[in-house]
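Spelled out from the first residue to the last, the chains are:
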Amino acid sequence: MKHLLLVMLGGGIGAGGRHLFGLVALRLLGGGFPFGTLGVNVVGSLVMGLFIGWMAKTDMGGLQDLRYFFATGLLGGFTTFSSFSLDTVFLWERGDTVLALAYVALSVALSIAAVFAGLMLMRQILS
């Protein structure tokens with residue numbers, strides 16, 4: 001039960017952060033492309049890589065609660081692959097096929113690259 005509450009608390013905070021990030025992106029970059037969703041997926045993936053890289057180099061004793069709160073909850077609430085899928089469908093349905101395909105490619109490639117970057121950065125910091 002404790003782990004569920006940690007995930008729920010982190011998820012609520014992450015979802016609030018995603019909402020604020022999206023509002024800022026919309027205000028700064030406009031609504032023609034889902035920059036907010038792309039941004040949270042890339043930033044969230046980078047932070048996930050940093051966090052898991054740090055966790056791998058740290059004694060796991062007592063830190064499992066932090067992983068539930070931060071990785072599963074906060075980052076799970078912050079990143080938005082369900083929103084990503086919906087944004088892709090909207091772009092496709094409005095006839096922006098090339099933009100939809102570019103969005104999918106950018107989201108996947110940049111998010112995976114961000115996890116690698118986070119892991120590599122944390123490994124260098126901790127070595």
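The name given to the protein chain in an unreviewed UniProt entry is Fluoride-specific ion channel FluC, and the organism recorded there is Roseibium limicola. Turning to the protein chain, the UniProt annotation filed under Sequence similarities (unreviewed entry) states: "Belongs to the fluoride channel Fluc/FEX (TC 1.A.43) family." Among the UniProt annotations of the protein chain, the heading Catalytic activity (unreviewed entry) holds the following wording: "fluoride(in) = fluoride(out)".

On to the overall build of the protein chain. When you go through the protein chain residue by residue, the secondary structure sums to five helices and zero strands. Sequence-ordered secondary structure for the protein chain, helices as α and strands as β, is α-α-α-α-α. By principal-axis analysis of the C-alpha atoms, the protein chain measures approximately 50 × 35 × 25 Å. Here the protein chain holds 127 residues, and the buried ones make up 31% of them. Taking contacts inside the protein chain between residues at least 6 apart in sequence as the whole, the part at least 24 apart equals 72%. Accessible surface, the protein chain as shown: approximately 7,500 Å² in total, 72% of it carbon and sulfur. The average position of the 7 basic charges and that of the 5 acidic charges among the side chains of the protein chain differ by 8 Å.

Mapped onto this numbering, the UniProt entry annotates "binding site: Na(+)" (unreviewed entry) at G76 and T79. In this fold, G76 is placed in helix α3 (residues 64–78). Given the relative accessible area of 40%, G76 is considered partly exposed. By secondary structure assignment, the location of T79 is in the loop between α3 and α4 (81–93). Since its relative accessible area comes to 24%, T79 is described here as partly exposed. With residues up to four places along the chain from it excluded, the contact list for T79 reads R18, V40, N41, G44 and S45. Here L75 takes part through its backbone oxygen, which lies 2.9 Å from a polar atom of the side chain of T79.

The subject of this paragraph is the layout of surface pockets. Considered as a void within the structure, the largest pocket measures approximately 380 Å³ in volume. G22, P34, G36, T37 and D87 are the residues nearest the centre of the largest pocket, which is lined by 20 residues in total. Elements supplying a minimum of two residues to the lining of the largest pocket: α1 (2–29), α2 (35–57) and α4. Broken down by element, the residue count for the lining of the largest pocket peaks at six residues, all from α1. The residue makeup of the lining of the largest pocket, split by class, is nine nonpolar, eight polar and three charged.

Let us look at the side chain of N41. Positionally, N41 belongs in helix α2. Classification of N41 by relative accessible area gives buried; the value is 1%. Setting aside chain neighbours within four positions, we find N41 in contact with T79, T80, F81, F84 and S111.

Reading the values: the criteria
- Residues numbered from 1 in each chain as written.
- Predicted model: local features only at pLDDT ≥ 70, side-chain atom pairs only at ≥ 80, totals over all residues.
- Heavy atoms only, no water.
- UniProt positions renumbered as here; feature names shortened; annotations may be inferred.
- Helix = DSSP H or I, 4+ residues; strand = E, 2+ residues; numbered from the N terminus.
- Buried < 20%, exposed > 50% of the residue type's maximum accessible area, 1.4 Å probe, protein only.
- Contact = heavy atoms within 4.5 Å.
- Areas by Shrake-Rupley, 256 points an atom, 1.4 Å probe, with all protein chains shown as cover.
- Lys, Arg positive; Asp, Glu negative; His and termini not counted.
- Charge placed at Lys NZ, Arg CZ, Asp CG, Glu CD.
- Polar contact = N/O pair within 3.5 Å; in protein donor to acceptor, adjacent residues only side chain to side chain.
- 1 Å grid on protein atoms, 1.4 Å probe; cavity = no way out; pocket = protein on both sides within 12 Å on 5 of 7 lines; lining within 4 Å.
- Points joined across faces, edges and corners; volume = space filled by probe spheres on them.
- Nonpolar A, V, L, I, M, F, W, Y, C, P; charged D, E, K, R; others polar.

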